[in-house]
4 protein chains.
Amino acid sequence: MTDKQILSSVKDQELIEKRRTQMVQGAITLFKEKGFHRTTTREIAKEAGFSIGTLYEYIRTKEDILFLVVDSIHHQVRDQLEAKINLATPSVANFVSVIQSYFHLMDDMQEEVLILYQEVKSLKKESREYVLRKERDMISMLERVIAACLPDEIAKQDVELLANNIFVQGQMWGFRRWILQKQFTLEEYIDGQINYLLKGLNIKAQPDEGFTQKGGV
Amino acid sequence: MTDKQILSSVKDQELIEKRRTQMVQGAITLFKEKGFHRTTTREIAKEAGFSIGTLYEYIRTKEDILFLVVDSIHHQVRDQLEAKINLATPSVANFVSVIQSYFHLMDDMQEEVLILYQEVKSLKKESREYVLRKERDMISMLERVIAACLPDEIAKQDVELLANNIFVQGQMWGFRRWILQKQFTLEEYIDGQINYLLKGLNIKAQPDEGFTQKGGV
Amino acid sequence: MTDKQILSSVKDQELIEKRRTQMVQGAITLFKEKGFHRTTTREIAKEAGFSIGTLYEYIRTKEDILFLVVDSIHHQVRDQLEAKINLATPSVANFVSVIQSYFHLMDDMQEEVLILYQEVKSLKKESREYVLRKERDMISMLERVIAACLPDEIAKQDVELLANNIFVQGQMWGFRRWILQKQFTLEEYIDGQINYLLKGLNIKAQPDEGFTQKGGV
Amino acid sequence: MTDKQILSSVKDQELIEKRRTQMVQGAITLFKEKGFHRTTTREIAKEAGFSIGTLYEYIRTKEDILFLVVDSIHHQVRDQLEAKINLATPSVANFVSVIQSYFHLMDDMQEEVLILYQEVKSLKKESREYVLRKERDMISMLERVIAACLPDEIAKQDVELLANNIFVQGQMWGFRRWILQKQFTLEEYIDGQINYLLKGLNIKAQPDEGFTQKGGV
DNA sequence: TATGAATGAGTGTTCATTCAT
DNA sequence: GATGAATGAACACTCATTCAT
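Bear in mind that the values here come from a model prediction, so they are computed numbers and not experimental data.

(A) Representation of the arrangement of the chains in the model. Nowhere do chain B and chain C come into contact; their C-alpha atoms are at least 30 Å apart. Regarding chain A and chain D, the two do not touch, and the least distance separating their C-alpha atoms is 21 Å.

See below:
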């Protein structure tokens, strides 16, 4: 549904998907290093493994690449987060576990998230709005988890604020790594944040164990 | 101390300061609109009120301008925040008041803070580290306020985490305005955040009033 | 005889003719709109109803298409003009009628003639000379009509000049339409031109009627 | 008054004029050879004697160059023609002399006139209309000459037709040179055309001399 | 000190043409 | 014979930076 918006001269849908995946992977690699503006379409083509002419068979403008990249990152985050959410038997432990997974995910995708933050404003209005809508969806996912697991304790507006805070605290681990990652290990950071969250909600944390799952996400 | 790092062909220190102030103001105006990469040195010179030749008498490269801009924004934030901090008689109310001031400040400087977030990575390593050091200073200010006003209740690592959270929550109001400012007024946002902070610290909020000062920052 | 000069990978002569006809029709449509240089081979293929690969099975270069187009236009003009010429019983009325037919033809083919004028110089020397030879043939046709119908009154060089003038005045109706077609109807234009022609030749025009045939060409 | 429409980053008006003159001369040289589309902006810059960057200080787009070229050619033709027109004591001889001058001028400027014919359609609507208006002015000049010198003999619509015919016959000498210049010398061509003109107007040509001035234009 | 014209490497993008399937 | 994905040379245009005045 996404990719249809980006026009391609090539007709074979599978090929389009394959080439765009290559393109996006190459672009992400380069954007991490040098950002969108300092990266050349030629460099992206080379990194993706095909010629500049071929690149432009699958997109119309450089901005299209940025859109595909941003969209792809969102998809990854969303899909992986969704996989962690199981609201069959909602509970505080359930909530905690989702938050932990989300923080680990943000750890894995630090640099991708940085791209999101730094380059979204380079998109044209329409694409930007599309992307922001996607982000709202992700926050909604967190809201649903909160509402399901902590049902009676918290007003609608508080749910929203909480979801936003969690969302940003996860991203913060990555885009403020130069300070946070000197002061905390990931586990410490997660424990600390969850601790405050629960206390702020007047929920008792289990006293004798950290919240952090041991095995990573 | 800052400006000495940026070389200028001009000798007159006062003049340097004056021209750079013009230049930075022009640049900020333009960066808000179009970001660093899409803004031309010519445009900056024009906006500043002098010629491109003159511009280059006071800097060496376009990146120098970005550095000056980022540095200037930091200074502004820092100075205004410092003015709000009075630790003569530390108290919870005192802490709350500083946080409120900081949030109002972040509201005023939304777009400047956006520049910080989106363009710092365009600085060369050395400048970037300089800028990040400045940011650390600001977080330290918050840490000092926390440590002074809430002395016994909170471990060192928690202070750090808290300071970072507050710092980012303030910035978040601006750079996530497209979602937050649809859901909350500034006062609601501030009240909500402070509420959680204090509850997370097991401090009772005064029951019969919002925390928000009425008269703006 | 023409098409043999343009090489094709395909052997079947009928197919060649069919495909080239499609190609030429598509190309003319596009050239009218945007000219030769602004029209893409891809666009021509699409307009012709087959793929770019197929297009190149029937020609060698883009210029070949232009040649085919120009040649085709010439053929059309020539064939239609030839059909109007009947020198069995030559007379002034006969002459007038041919001229009228020619002017009507030029009216019908305004845009095609424009292509001739604007793009012939884009042909390589050899093709250009071929095309110009064809044009000379058409002028010769006019010369023959003049010589046959107005035999005694006019020297050889004058015949040539006259033929050229008539030829250009016909084209002029199309390629200067932005001015002529505001000032004259086609009938007025034809009458006017023929009037001068005959007076310049000291031939009396029939006093009580316009020369213009009523039923178009 | 013309050039103001083409924006330049350079402020010095004299310099603009100088550089644009260089540019236009270089461009004309190249357009004669290869036409507008096959000529590169870099080639124009080189031919003009400056860098591609400098070229773009004086224009915005390649089309601007074409406009300047077309406008310059028109100016030249117009100015030179105007210099030949002296209607103080109008007479048939006067008329003949202007026509002769015009034909000689068209001979001198054959290739420039070709550019006019072949490239005007590459201009955007607005510029094209501006150029066509200029051309109408030139035809008006011819109309005025005709009306002044041959006052009683010819209706308004006939004046218009005549002016257009003369105008095109002049240009035709150049853009149909491959045929005309094989059949006629310039003098023969001029004599022939004027001869028909006058006969068509029932004016007696002086019997014992050609009309052609001996000394060229 | 101030100016602004000059520079040219670099960028996004196009498009005629090829060739494996 | 037909297809259309791949190619890369070529192009118009930009912009940070310099330097003579």
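(B) View of the protein's contact with DNA strand E. In the region of DNA strand E, 42 residues are neighbours, and A:Tyr56, B:Lys11, D:Arg19, D:Arg42 and D:Tyr58 sit closest. If you look at DNA strand E and keep only atoms within 4 Å of the protein, 60% of those are sugar or phosphate atoms. One nitrogen or oxygen atom from the main chain of A:Thr41 is found 3.0 Å from a phosphate oxygen belonging to DNA strand E. At 2.3 Å, a backbone N or O of B:Lys11 approaches a phosphate oxygen of DNA strand E. Secondary-structure elements contributing two or more residues to the surface near DNA strand E are helix H2 (41-48) and helix H3 (52-58) of chain A, helix H1 (13-34) and helix H3 (52-58) of chain B, helix H2 (41-48) and helix H3 (52-58) of chain C together with helix H1 (13-34) and helix H3 (52-58) of chain D.

(C) Structural context of the side chain of A:His74. Within the element layout of this structure, A:His74 appears in helix H4 (residues 62-84). When sequence neighbours within four positions are dropped, the list of residues in contact with A:His74 reads A:Leu116, A:Val131, A:Lys134, A:Glu135 and A:Met138.

(D) Region of the structure containing the protein's contact with DNA strand F. Near DNA strand F you find 42 residues, and of these A:Arg19, A:Arg42, A:Tyr58, C:Val10 and C:Lys11 are the closest. Counting only the atoms of DNA strand F that lie within 4 Å of the protein, the sugar and phosphate share comes to 62%. At 3.0 Å, a backbone N or O of D:Thr41 approaches a phosphate oxygen of DNA strand F. For the surface near DNA strand F, the secondary-structure elements that each account for two or more residues are helix H1 (13-34) and H3 of chain A, helix H2 (41-48) and H3 of chain B, helix H1 (13-34) and H3 of chain C together with helix H2 (41-48) and H3 of chain D. When residues of the surface near DNA strand F are assigned to their parent elements, the largest contribution, 5 residues, is made by H3(A). Among the residues forming the surface near DNA strand F, the class breakdown is 14 nonpolar, 15 polar and 13 charged.

(E) Seen up close, the nonpolar core. With 155 residues, the main nonpolar core has C:Phe95, C:Ile166, D:Phe95 and D:Ile166 as its most contacted residues. Residues contacting C:Phe95, with those up to four places away along its chain left out, are C:Val145, C:Ile146, C:Cys149, C:Leu150, C:Ile166 and C:Leu198. In this structure, A:Val70, A:Met172, B:Leu66 and B:Phe103 belong to the second largest nonpolar core, which totals 154 residues.

(F) Here's a closer look at the relation of the copies chain A and chain B. For the pair chain A and chain B, the best superposition has an RMSD of 0.2 Å and corresponds to a rotation of 179° with a translation of 0.0 Å parallel to the axis. Accordingly, the operation relating the two chain copies is best matched by a two-fold axis. No C-alpha of chain A approaches the rotation axis more nearly than that of A:Gly200, which lies at 1.8 Å. In this assembly, 98% of the residues forming the interface of chain A have copies in chain B that are likewise at the interface, indicating an isologous arrangement.

How each quantity is defined
Residues numbered from 1 in each chain as written. Chains lettered and ligands numbered in written order. Predicted model: local features only at pLDDT ≥ 70, side-chain atom pairs only at ≥ 80, totals over all residues. Heavy atoms only, no water. Contact = heavy atoms within 4.5 Å. Near = heavy atom within 4 Å. Polar contact = N/O pair within 3.5 Å; in protein donor to acceptor, adjacent residues only side chain to side chain. Helix = DSSP H or I, 4+ residues; strand = E, 2+ residues; numbered from the N terminus. Nonpolar A, V, L, I, M, F, W, Y, C, P; charged D, E, K, R; others polar. Core = buried A, V, L, I, M, F, W, Y, C linked by side-chain atoms within 4.5 Å. Buried < 20%, exposed > 50% of the residue type's maximum accessible area, 1.4 Å probe, protein only. Least-squares fit on C-alpha atoms with pLDDT ≥ 70 in both.

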